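A closer look at the structure
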Amino acid sequence: MSDVASPEAAVAAEIEPKPSKKFTKNFWTINVIEMGERLAYNTLRAMVAIYIAQADEPGGLHLTQVDRGTILAVWAFIQSFLPIVTGGLADRFGYRRSLAWALSTMTLGYICLAFMRDLNWLTTFFENYTLNIDDFGGNAVRLHQAAVDRSNFWSFMIAVGVLAGGTSLFKPAIQGALGNTLTKENSSVGWGVFYWVVNVGAFIGHYLPNLILVGAAGWLAIGEHSAEAWRNLFLVCAGVIVLNLVALFFMKDVESGASKTESILSVLWRTITNILEPRLLSWIIIMTGFWMMMMQLWDMQPNFIADWMNSAHIATWVQDTFPSAISKMLVSGSGEKAHIPQQIWLSINSLCIIIGVVPMAWVTRKMKTLSAMLIGMVAVTIGLLIAGLTMNVYILAFGIVFFSLGEMTVGPKKSEFLSLIAPPGKKALYLGYLNIPAGLGIMGGAALSGYLYGNLGEKAMLAQRYLAEKTNILAGTGKTWDGDVSMLEEVTGVSRPEAFETLKTVLGKSTQEVNELLWNTYDPQYSLWLPFAAIGIVSGIALFIYSRMARRWEDMNV
């Protein structure tokens, strides 16, 4: 094809308006919808690890850490791999229509989370058909509890699957709409604003749980952190998504540039063939390792903070200083058990990004996207280590701040990179590919962290282990522990929810004294965080090599 422009093209270029750096009204409407979705999602995401597996959470499911890892892995698979298909479908059928379907499905998912717990018929099924009482030594109580656990595992998994299905359509549709609203001139700052809005929703979402689980629980005369309070939390999430459906009426559809007559099979085939482009596939593999590490701030860190951080002195100061309405948003428990809950500490991440992501987008606006991502990847790795290798809440907070500096660099730039290299008519398709490394990384990270935390890091399990190894609790029972973590409850006769309090009683020590004893005896921090730091380092080296190679590729050197 000739490089000389035709006279018609020259005339069109003269009359075509220059791209504007200003943002349209539709841009802000899209951002409002994104903020609402992220508010609901992060309200759940900040708490889900606690709800699923924290041994001392009153209204939690009390499943195992391995169960937690399995649920999060399946959630990630659905939420991140369906966009490979739904991204192309959003381009084909229109972003506004796709968002309507997505938000409706997500509302149903949150409602399922609220009402599918303790399904009697499902418990009866597991009790009668899939569990053998001989496996529980003839103990009918333990048989029934095991059946309840399996029932709640599967009902929660199904509800999460519905929610993830909606999210899988929402993400490429909202990002595709945004990508086609922006121009090259305002792309960097536009994606920075989008990421800022995401974290405004996330920040608010970190403070809703205590307001509902503690504050509203008191007003409604139900137990704090009870099963009923958790149900109300999920219903609030559903309500937020319903408001998003209202906001959708004010959004104008955005032209994707894709064919509106292409068959669904053609869309699927194009989706598969595009992803096999070697350079794109290499980038996806590199980013998978990064996501595997980064997501531990939300997958493993919540349980880690709940188990090991002592914030009683700060909680007491908050209760003594602020009115009850405020302190109930910031403090859980009372007396020796008063603490600043994990979601409040994690909200530091969102707050930092709210403050810094737009200025960071402006600072990095002229940087190559891959170079900026590399700097951010290094900062995230260092921050995760700082936050994970300590019991000191102030060092934890500093680590989260450092982590956030890196995330606010990587976060917008990864979306900008795919948006800029996407061919015309394929914005949502390429931005849907962004979910592949996220999905693979979250799946691998959830499985690994579930195993590591369940076998090497959980405080309840380590309390059981200490009872078996270093006290006389087994004396005269004829039992010994062979190192199999799954046998600790049977050997010691102490369940995970009871283990820590039992150890306190046996040793006659305070909560903080037993915390420090277990920490110093078993060093859980090294077993949990060093493997993920190593994954981050390898990913950083790979991205450095890739960014150097990309200098020879004009279409990817953006």
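Residues numbered from 1 in each chain as written. Predicted model: local features only at pLDDT ≥ 70, side-chain atom pairs only at ≥ 80, totals over all residues. Heavy atoms only, no water.

A few points about the overall build of the protein chain
The secondary structure content of the protein chain amounts to 26 helices and 0 strands. A buried classification covers 57% of the 558 residues belonging to the protein chain. Put simply, 82% of the contacts in the protein chain that link residues at least 6 apart link residues at least 24 apart. Accessible area of the protein chain: about 23500 Å², with a carbon and sulfur share of 65%. (Helix = DSSP H or I, 4+ residues; strand = E, 2+ residues; numbered from the N terminus. Buried < 20%, exposed > 50% of the residue type's maximum accessible area, 1.4 Å probe, protein only. Contact = heavy atoms within 4.5 Å. Areas by Shrake-Rupley, 256 points an atom, 1.4 Å probe, with all protein chains shown as cover.)

Things to note about the packing of aromatic side chains
Counting across every chain of the model gives 16 aromatic pairs. Geometrically, the ring pair formed by phenylalanine 203 and tyrosine 207 is tilted, given 5.0 Å between the ring centres and 50° between the ring planes. Of the two residues, phenylalanine 203 and tyrosine 207 both sit in helix H9 (residues 187-219), 4 residues apart, roughly one turn of that helix. Note on tryptophan 298 and phenylalanine 403: the rings are 5.8 Å apart at their centroids and 75° apart in plane angle, and the pair reads as edge-to-face. (Phe/Tyr/Trp six-rings, centres within 6.5 Å; stacked < 30°, edge-to-face > 60°.)

Some points on the side chain of serine 347
By the element assignment, serine 347 lies in helix H17 (residues 342-363). A polar side-chain atom of serine 347 sits 3.0 Å from a polar atom in the side chain of tyrosine 207. The residues touching serine 347, leaving out its near neighbours within four places in the chain, are Phe203, His206 and Tyr207. (Polar contact = N/O pair within 3.5 Å; in protein donor to acceptor, adjacent residues only side chain to side chain.)

Looking at unusual backbone geometry
Phi is positive for histidine 62, close to 60°, though the residue is something other than glycine. Counting through the fold element by element, histidine 62 comes out in the loop between helix H3 (48-53) and helix H4 (65-81). Positive phi, normally seen in glycine, also occurs at histidine 225, with a value near 60°. Relative to the helices and strands, histidine 225 resides in the loop between H9 and helix H10 (227-248).

Examining the packing of helix H2 (residues 25-45) against H4
Relative to each other, H2 and H4 sit at 160°, their axes nearing to 14 Å. Taken together, the axes of H2 and H4 lie roughly antiparallel to each other. The interaxial crossing formed by H2 with H4 has left-handed handedness. Residues Tyr41, Leu44 and Arg45 of H2 lie in contact with H4, whose contacting residues are Leu72, Trp75 and Gln79. Tallied by class, residues from the contact of H2 with H4 come to 4 nonpolar, 1 polar and 1 charged. (Axes fitted to C-alpha atoms, helices over the stretch in contact; angles between N-to-C directions. Parallel < 35°, antiparallel > 145°, perpendicular 65-115°, else oblique. Left-handed = near helix turned anticlockwise from the far one by under 90°. Nonpolar A, V, L, I, M, F, W, Y, C, P; charged D, E, K, R; others polar.)

Remarks on a nonpolar patch on the surface
On the surface, a nonpolar cluster with roughly 460 Å² of combined accessible area is contributed by Ile537, Ile541, Phe544, Ile545 and Met549. Here isoleucine 545 shows up in helix H26 (residues 524-550). (Patch = residues over 30% accessible without salt bridge, like charges linked within 9 Å, V, L, I, M, F, W, Y side chains within 5 Å. Salt bridge = Lys/Arg side-chain N within 4 Å of Asp/Glu carboxyl O.)

Comments concerning the environment of valine 393
In this fold, valine 393 is placed in helix H19 (residues 393-421). For the pair valine 393 and tryptophan 308, spaced 85 residues apart in sequence, the C-alpha to C-alpha distance is 9.6 Å. In this structure valine 393 touches Met309, Asn310, Ser311, His313, Ile314 and Trp345, once residues within four positions along its chain are discounted.

Some words on the nonpolar core
Judged by nonpolar contacts, the single largest core of 89 residues is most densely connected at Trp283, Phe290, Trp291, Trp345 and Leu518. Other than its neighbours up to four places away in sequence, tryptophan 283 contacts Leu370, Met373, Lys414, Phe417, Leu418, Leu434 and Tyr546. Counting residues in each nonpolar core, the second largest holds 68 residues, with Val48, Ala53, Trp230 and Ala247 among its members. (Core = buried A, V, L, I, M, F, W, Y, C linked by side-chain atoms within 4.5 Å.)

Structural notes on the packing of helix H14 (residues 301-308) against helix H25 (residues 511-522)
Contact geometry for H14 and H25: axes closest at 10 Å, N-to-C directions at 125°. Between H14 and H25, the interaxial angle falls into the category oblique. Across from Phe304, Asp307 and Trp308 in H14, the residues of H25 making contact are Asn515, Leu518 and Trp519. Taken together, the residues that form the contact of H14 with H25 break down as 4 nonpolar, 1 polar and 1 charged.

Observations concerning the environment of methionine 360
Secondary-structure assignment places methionine 360 in helix H17. Sequence separation of methionine 360 and threonine 409 is 49 residues, and the distance between their C-alpha atoms is 6.8 Å. Apart from residues no more than four positions distant in its own chain, methionine 360 is found in contact with Leu405, Met408 and Thr409.

Points about the pattern of salt bridges
Taken as a whole, this structure holds 8 salt bridges when the rule is applied. Between arginine 38 and glutamate 37 there is a salt bridge; the shortest N-O distance is 2.6 Å. Note on accessibility: arginine 38 and glutamate 37 belong to one class, buried. Across the pair arginine 117 and aspartate 118 runs a salt bridge whose closest N-O atoms are separated by 3.5 Å. One salt-bridge network, held together by shared partners, links Glu34, Glu37 and Arg38.

Here's the deal with the confidence of the model for the protein chain
Scored by pLDDT, the protein chain has a mean of 84; 87% of the residues are at 70 or more. For the stretch residues 1-19, pLDDT sits under 50, and the model shows 2 contacts to residues farther than four places along the chain or on other chains. (pLDDT = per-residue confidence, 0-100.)

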